[in-house]
Every structure is written in C-alpha cells, then in structure tokens.
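Overview (structure and organization)
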Amino acid sequence: MQFAAPIVSSLTDGDAAALLAAARAILAKHRPDALVVGLSGPGAGLDEALLYIASEDLPTFAVQDFWGDANRTFGTLPRHFLCIDEVAVGLTGERWSATATAVGSLKHVGYAGVDVDMMRSQGRTRFAVGNETWFLAIAGQPLWDEPAYGAAIADVLRIAAGFERERTRLVYRPHPKEGSMCRERVTALASQCGLAIDFDDERNQEPLLAAADLLITPFSTCGYDHAQLSRQANGPLGTVLYVLSEPRLAELYRRWTGLLSLPCADMGLGSVAWDREALASAMRHALAPEARDDYWRKAQAELPDPSLAAARALDVIDDWLARSERGK
C-alpha cells in the first residue's frame with residue numbers, strides 16, 4: 001500500500017486526517033497480533049499514526065535509533081521501546097516513564113555482510129577522490145527554519161575554504177525532509193566561500209559514509225551509522241564531527257533529546273565542536289590520521305555486535321505476547 005505521507009505537526013494539521021485514515025486502513029487489512037514501528041521526526045509520520053489508531057489491547061513496540069528518543073506529536077507512546085543499549089533504556093525510562101529493553105541496533109543487523117573496505121574504495125572512485133584528498137561529507141538535517149543551522153553550515157564551509165583547495169573535496173547529502181530549497185542555500189553558501197560543492201542523492205548513504213575522511217553533521221543519527229560501518233571495517237575509514245557551535249543549535253539539540261552531550265562522542269566515537277572558536281581546530285584534528293585510527297579502535301571496542309539484535313527483539317515481542325495470552 002503506497003500513499004503520500006507529508007510531515008504532520010499536530011492532530012489538527014490539515015494533512016493529519018489522510019495520514020490517520022491510511023494507518024487505519026493498514027491495521028484493518030492486516031489485523032496484526034503486535035505492532036512494531038519506527039520513530040519519525042521532526043513532526044509525525046506513519047509510525048505515530050499507527051500508534052494513535054492502534055487499539056488499547058494491541059501490543060505496540062517502537063524501534064529506537066537514538067538514545068531516549070520518542071515522538072509525542074499525536075500524544076501516544078508505544079507499550080515498549082526496543083533500544084540500542086542500556087544507556088538508551090535508562091534515558092527512555094527517565095524521560096517518558098516507559099518500559100524498554102536493550103536489544104542492540106536493529107538498523108545495523110545487515111551491516112554484518114558488508115565489505116566496508118571495498119565500499120570505501122568504490123565510493124572514493126565514484127566521487128573522484130584520490131588518496132591525498134581530504135573528503136568531507138556534510139550530512140544535512142531538516143533544520144533550515146533555524147538560522148543557527150545555516151550559520152553552522154556556513155562556518156564549516158568557510159573553514160573548509162581555508163584548506164588546500166586541490167586536496168579538499170566537499171559533498172552535501174540532503175536529509176529526505178530537507179526539500180529542494182536546501183540545494184540553493186548550500187550552493188549559495190559554498191559560492192560565497194569560493195567553493196564548489198556536490199550533492200549525494202543516492203538511495204543508500206553507506207557508500208558516502210564509508211568513503212568520507214570526515215563526516216560533519218549537527219546531530220544526525222548517520223553518525224552512529226558511520227560508527228557501525230567503522231566497526232565492520234578492517235582499518236580506519238574516517239571520523240565524525242558533530243557541529244553544535246551555534247548556541248541556538250546546541251539548545252535545540254538539548255531540548256529535543258533531553259541530553260547534555262552526544263552519546264557517540266561520550267564513547268569516543270567522534271567529537272563535538274560546541275563553539276565557533278573551536279570549530280576550525282576540531283575539523284583539522286578530526287582529519288588527522290591518529291584521530292581516525294583512534295575512532296576506528298573505539299568502534300571495535302565500544303560497539304556490541306548488532307547481528308543478534310533482530311533475534312533479541314523477537315524474543316521480547318514473543319515473551320510479551322505469551323504473557324498477554326496467559327493473562328486472558
């Protein structure tokens with residue numbers, strides 16, 4: 001079943017009725033024993049619509065891919081969260097008084113069979129990046145309504161313009177919800193710095209993540225994707241820099257997540273630039289071979305094997321259904 005799912009900001013939003021009708025049709029057609037959804041954002045999507053329509057006696061589960069994340073746009077939460085680790089379980093309980101289980105990263109179960117080193121080589125060939133070139137990838141987020149976001153991207157480009165031009169390559173990967181205007185804005189910001197910048201519109205982001213020497217983003221979950229790829233690699237790929245150098249951007253992150261820091265950076269998987277004065281040195285440090293080597297080693301040491309995450313999640317759901325059946 002296919003349908004358009006625009007960003008919905010509330011139950012009274014003009015597009016909410018169609019989204020809820022689609023969710024109602026899906027549940028009526030399939031009559032599931034349990035409902036497993038992801039988490040949308042910003043705004044509500046099909047996941048939140050399904051939770052809102054689901055009957056009170058239907059067991060509902062949400063796969064969480066960011067620590068403590070939930071979406072209350074429609075005022076509903078799942079019965080249980082499937083989290084990536086115990087830190088996420090603790091934050092979920094603290095923020096939402098919700099039950100949760102650490103099952104590992106379901107999103108990355110399929111990474112087990114990926115030849116990341118070959119992916120990196122092919123990606124650098126596709127983007128025409130030589131061994132002596134610094135390849136910087138910016139992972140966009142749908143935050144252009146916040147002037148601080150554009151200011152942070154502008155600062156990154158301004159600093160990159162000070163690098164040796166012949167050995168620096170820049171690619172911006174738009175978030176699916178950014179919209180077409182982001183190209184014009186990013187191109188204009190790059191032009192002001194005398195830079196050329198390309199865009200990655202491939203369906204899969206992994207080739208770009210594997211190819212990049214430095215992934216830059218405010219707080220996109222692709223930073224964790226990058227860490228999981230690094231865990232699979234036989235040698236260092238690159239590293240990640242989270243750019244929260246604009247106070248308003250950092251405030252937005254803290255308000256949305258309820259966190260004072262970034263869990264990946266706390267594990268040594270990337271670094272954070274919290275102010276503009278530190279951004280230039282943070283970018284240069286992140287490109288240093290020793291930083292990339294340290295990041296790769298931390299990924300091996302800190303990240304659990306995600307290959308069993310699906311089996312653990314199914315065990316949680318089966319146990320819930322079995323208890324529900326006994327309680328009848």
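Residues numbered from 1 in each chain as written. Predicted model: local features only at pLDDT ≥ 70, side-chain atom pairs only at ≥ 80, totals over all residues. Heavy atoms only, no water.

Let's shift gears to the sheet that holds strand β4 (residues 99-102). Within the open sheet, the four strands sit side by side as β1-β2-β3-β4. Their pairing is parallel. Every other strand in the sheet has two partners, leaving β1 (35-37) and β4 as the edge strands with one partner each. Along the sheet, successive strands turn relative to each other by an average axial angle of 25°, direction set aside. With four bridges joining them, strand β3 (residues 80-83) and β4 adopt parallel strand pairing. Within the sheet, the bridge partner assigned to H80 lies in β4 and is T99. (Pairing = 2+ DSSP bridges. Helix = DSSP H or I, 4+ residues; strand = E, 2+ residues; numbered from the N terminus. Axes fitted to C-alpha atoms, helices over the stretch in contact; angles between N-to-C directions.)

To continue, consider the packing of aromatic side chains. Scanning all chains against the criterion turns up eleven aromatic pairs. Ring geometry for Y52 against F74: centres 5.9 Å apart, planes inclined by 65°, an arrangement best described as edge-to-face. Of the two residues, Y52 is situated in helix α2 (residues 46-53) and F74 in the loop between β2 (60-63) and β3; the sequence distance between them amounts to 22 residues. Residue classification places F74 among the buried residues on the basis of a relative accessible area of 5%. The ring centre of W134 lies 4.1 Å from the NZ or CZ of R167, which sits over that ring. Cation over ring: R183 sits above F199, and NZ or CZ is 4.8 Å from the ring centre. (Phe/Tyr/Trp six-rings, centres within 6.5 Å; stacked < 30°, edge-to-face > 60°. Buried < 20%, exposed > 50% of the residue type's maximum accessible area, 1.4 Å probe, protein only. Lys NZ or Arg CZ within 6 Å of the ring centre and 35° of its normal.)

A few words now on the side chain of N71. Along the chain, N71 falls in the loop between β2 and β3. A polar contact of 2.8 Å, which involves the side chain of N71, links it to the backbone oxygen of G43. A distance of 2.6 Å separates the side chain of N71 from the side chain of T73, its partner in a polar contact. Apart from residues no more than four positions distant in its own chain, N71 is found in contact with L39, S40, G41, G43, A44, E48 and T76. (Polar contact = N/O pair within 3.5 Å; in protein donor to acceptor, adjacent residues only side chain to side chain. Contact = heavy atoms within 4.5 Å.)

All right, on to unusual backbone geometry then. The phi dihedral of R31 is positive, around 45°, even though this residue is not glycine. For R31, the location among the structural elements is in the loop between α1 (16-30) and β1. Look at R31 and you get exposed, because its relative accessible area is 68%. Positive phi values are uncommon outside glycine, yet S97 reaches one of about 55°.

Tallied over the full model, the rule gives 17 salt bridges. Here E146 and R248 are joined by a salt bridge, their closest N and O atoms 3.0 Å apart. Placement of E146 in the loop between β5 (134-139) and α5 (147-161) and of R248 in helix α9 (residues 247-257) is noted, with a sequence separation of 102 residues between them. When its relative accessible area of 32% is taken as the criterion, R248 is described as partly exposed. With a closest N to O distance of 2.9 Å, R276 and D155 form a salt bridge. Of this pair, R276 sits in helix α11 (residues 276-286) while D155 sits in helix α5, placing them 121 residues apart in sequence. Judged by relative accessible area, R276 falls into the partly exposed class, the value being 44%. What makes D155 buried here is its relative accessible area of 5%. Linked through salt bridges whose partners overlap, the residues forming this network are R120, R124, D213 and R292. (Salt bridge = Lys/Arg side-chain N within 4 Å of Asp/Glu carboxyl O.)

This part covers empty space enclosed by the protein. In total, this model carries two cavities of 30 Å³ or more according to the counting rule given. Estimated volume of the largest cavity: approximately 50 Å³. Of the residues assigned to the lining of the largest cavity, the class counts are eight nonpolar, two polar and no charged. Surrounding the second largest cavity, V63, Q64, D65, L82, I84, G104, S105, L106 and K107 form its lining. Tallied by class, the residues present in the lining of the second largest cavity amount to four nonpolar, three polar and two charged. (1 Å grid on protein atoms, 1.4 Å probe; cavity = no way out; pocket = protein on both sides within 12 Å on 5 of 7 lines; lining within 4 Å. Points joined across faces, edges and corners; volume = space filled by probe spheres on them. Nonpolar A, V, L, I, M, F, W, Y, C, P; charged D, E, K, R; others polar.)

Let's shift gears to the packing of α5 against helix α6 (residues 181-192). Running from amino to carboxyl end, α5 crosses α6 at an angle of 40°, the nearest separation of the two axes being 9 Å. Relative to α6, α5 is oriented oblique. The crossing of α5 and α6 is right-handed. On α6, the residues touching G150, I153, A154 and L157 of α5 are V186, L189 and A190. (Parallel < 35°, antiparallel > 145°, perpendicular 65-115°, else oblique. Left-handed = near helix turned anticlockwise from the far one by under 90°.)

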